[in-house]
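# What the coordinates show
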Amino acid sequence: MALVHPLHGTIDRLGSTTTTTTTAATTMSTAKTTTKGAGATYQQLLRQQPRRSGPSVVSSADGYQYARGFELANSPASRKSQSLPRHCRSSYSDRFTPELPVLRPRVIFPFTPFTKVTMNRSTLDNIAVFLAELIGTGLLVMLGCMGCVSGLGHIPGHFELAINFGLIVMIIVQVFGCVSGSHLNPAVTAGAWVYDLVSTKMALAYVAAQCIGSFMGYGILKMLTPAAVFDTAKEQGAGFCVTQPNSLITTTQAVGIEFVATMVLILVCCGVWDPRNAKHHDSVALKFGFTVGALAVAAGPYTGASMNPARSLGPVLWNGDYTAHWVYWIGPLTAAFLTAFAYKAVFRREVPVELPNHELRALNTDK
């Protein structure tokens with residue numbers, strides 16, 4: 001009784017081999033024709049690669065660059081060919097294996113800043129969110145307070161101050177809204193946390209970025225503005241751009257004003273976050289800009305219409321006057337938690353997700 005070997009012809013029981021030249025020739029021709037195609041082996045593909053002095057730099061699908069070497073994937077074909085004798089492994093994988101070895105990238109070291117081999121995409125996104133909130137809140141305090149400067153030949157009116165803050169919010173939301181949502185406000189972050197849009201850790205990161213950004217933004221403004229402006233404001237009151245309740249109202253009334261103003265702001269946020277408004281986000285920047293401007297016009301004479309603990313924190317830290325500063329934390333944060341919870345419980349409705357019609361999509365594609 002004889003056995004038929006796929007490469008070496010007929011083998012009898014005693015080991016005598018009758019070489020089949022036709023099978024060998026067919027195998028060699030197949031290997032040559034498939035060298036440049038999808039059927040090339042790992043050794044053949046490796047010979048076609050240009051010689052390199054080091055690893056090559058390529059870009060992945062998400063745009064990050066990395067250095068790449070080549071290694072053979074642990075595929076069933078490679079495992080199967082490794083079980084054969086050494087002199088017939090490559091030929092076997094060429095001729096009889098439908099599942100060929102795959103070349104996969106092997107990351108060696110990164111080139112893009114803030115990336116490491118162990119750093120995944122979500123970590124990079126978290127860093128981007130932190131920077132967006134830090135820069136956005138810094139711009140809000142710097143440019144918003146810059147519009148309040150009155151010692152350079154122009155004295156802005158109350159309406160001008162309010163509209164300036166609203167337009168600054170509109171600009172920042174347009175720039176960083178797609179990155180972090182442009183909260184710029186611990187009260188808004190608190191509402192988003194109640195609304196299950198951010199986790200507890202991310203909410204704390206948001207608040208930290210906002211407070212640091214407010215401090216940095218006011219510090220940059222002091223560097224760019226004549227010192228006489230800040231000295232004059234310090235002599236006349238708590239300091240330049242420091243929010244304090246009007247002397248004619250009590251602290252309880254001030255808390256109520258900040259509560260009501262922030263409640264309206266959070267209601268607008270919850271309306272934007274509502275699943276039924278998912279398709280109407282084209283004018284979100286305008287909505288928030290005009291909302292902040294309108295609330296500042298109404299509540300400005302009472303408390304300065306902060307509605308934002310971080311916005312009030314930066315100027316206070318630089319001027320050192322903490323009189324009634326707690327008002328701008330208790331009022332906005334209480335309003336944020338209560339308003340977001342009430343809207344979520346009473347008004348929010350989930351929108352059913354429509355399954356895609358693949359048959360209709362195929363018909364449209366054919367056309």
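An account of the accompanying structure is given in this report. (Residues numbered from 1 in each chain as written. Predicted model: local features only at pLDDT ≥ 70, side-chain atom pairs only at ≥ 80, totals over all residues. Heavy atoms only, no water.)

## Quick word on the side chain of N308
Within the secondary structure, N308 is located in the loop between α11 (284-303) and α12 (309-319). A distance of 2.8 Å separates a polar atom in the side chain of N308 from the backbone oxygen of L184. Excluding its chain neighbours within four sequence positions, the residues that come into contact with N308 are L140, L184, N185, P186, Y328 and P332. (Helix = DSSP H or I, 4+ residues; strand = E, 2+ residues; numbered from the N terminus. Polar contact = N/O pair within 3.5 Å; in protein donor to acceptor, adjacent residues only side chain to side chain. Contact = heavy atoms within 4.5 Å.)

## Quick look at helix α9 (residues 227-236)
Taken as a whole, α9 has its buried residues at V229, F230 and A233. Taken end-on, α9 shows its buried residues confined to a sector of 90°, consistent with a single buried face. Relative to its buried face, α9 has exposed residues pointing more than 90 degrees away, namely A228 and E235. Close packing links the buried residues of α9 with α8 (200-224). (Buried < 20%, exposed > 50% of the residue type's maximum accessible area, 1.4 Å probe, protein only. Arc of directions from axis to C-beta.)

## What to know about the nonpolar core
Here is a general trend for soluble globular proteins: nonpolar side chains tend to be buried in one another's company. Counting 45 residues, the largest nonpolar core has L140, F240, L265 and F288 as its most contacted members. When contributions to this core are tallied by element, the ones reaching two or more residues are α5 (121-146), α6 (158-180), α7 (186-194), α8, α9, α10 (251-273), α11 and α13 (327-346). Not counting residues within four places of it along the chain, the set of residues in contact with L265 comprises N185, V188, F288, T291, V292, L295 and M307. (Core = buried A, V, L, I, M, F, W, Y, C linked by side-chain atoms within 4.5 Å.)

## Here we look at the environment of V149
With respect to the secondary-structure elements, V149 resides in the loop between α5 and α6. Once the C-alpha coordinates of V149 and T225 are considered, the two residues, 76 residues apart in sequence, prove to be 8.7 Å apart. Those residues in contact with V149 that sit more than four places away from it in its chain are H154, P156, T225, V229 and F240.

## Notes on a nonpolar patch on the surface
There is a patch of nonpolar side chains on the surface, built from I212, F215, M216, L317, W318 and Y322 and spanning about 550 Å² of accessible area. Elements with a contribution of two residues or more to the nonpolar patch: α8 and α12. For the nonpolar patch, the element with the most residues is α8, which contributes three residues. For I212, a relative accessible area of 39% gives the class partly exposed. (Patch = residues over 30% accessible without salt bridge, like charges linked within 9 Å, V, L, I, M, F, W, Y side chains within 5 Å. Areas by Shrake-Rupley, 256 points an atom, 1.4 Å probe, with all protein chains shown as cover. Salt bridge = Lys/Arg side-chain N within 4 Å of Asp/Glu carboxyl O.)

## Describing the packing of aromatic side chains
Scanning the model with the defined rule gives seven aromatic pairs in all. Between Y343 and F347, the ring centres sit 5.4 Å apart and the planes meet at 45°, which makes this aromatic pair tilted. Residue classification places Y343 among the buried positions, given a relative accessible area of 14%. The exposure class assigned to F347 is partly exposed, which follows from its relative accessible area of 47%. Each residue in the set Y195, W273, Y343 and F347 is aromatic and connected to the rest through ring pairs, giving one cluster. Directly above the aromatic system of F230 lies the positively charged group of K222, at a separation of 5.4 Å from the ring centroid. We note R348 situated over the ring of Y195; from NZ or CZ to the ring centre the distance is 4.7 Å. (Phe/Tyr/Trp six-rings, centres within 6.5 Å; stacked < 30°, edge-to-face > 60°. Lys NZ or Arg CZ within 6 Å of the ring centre and 35° of its normal.)

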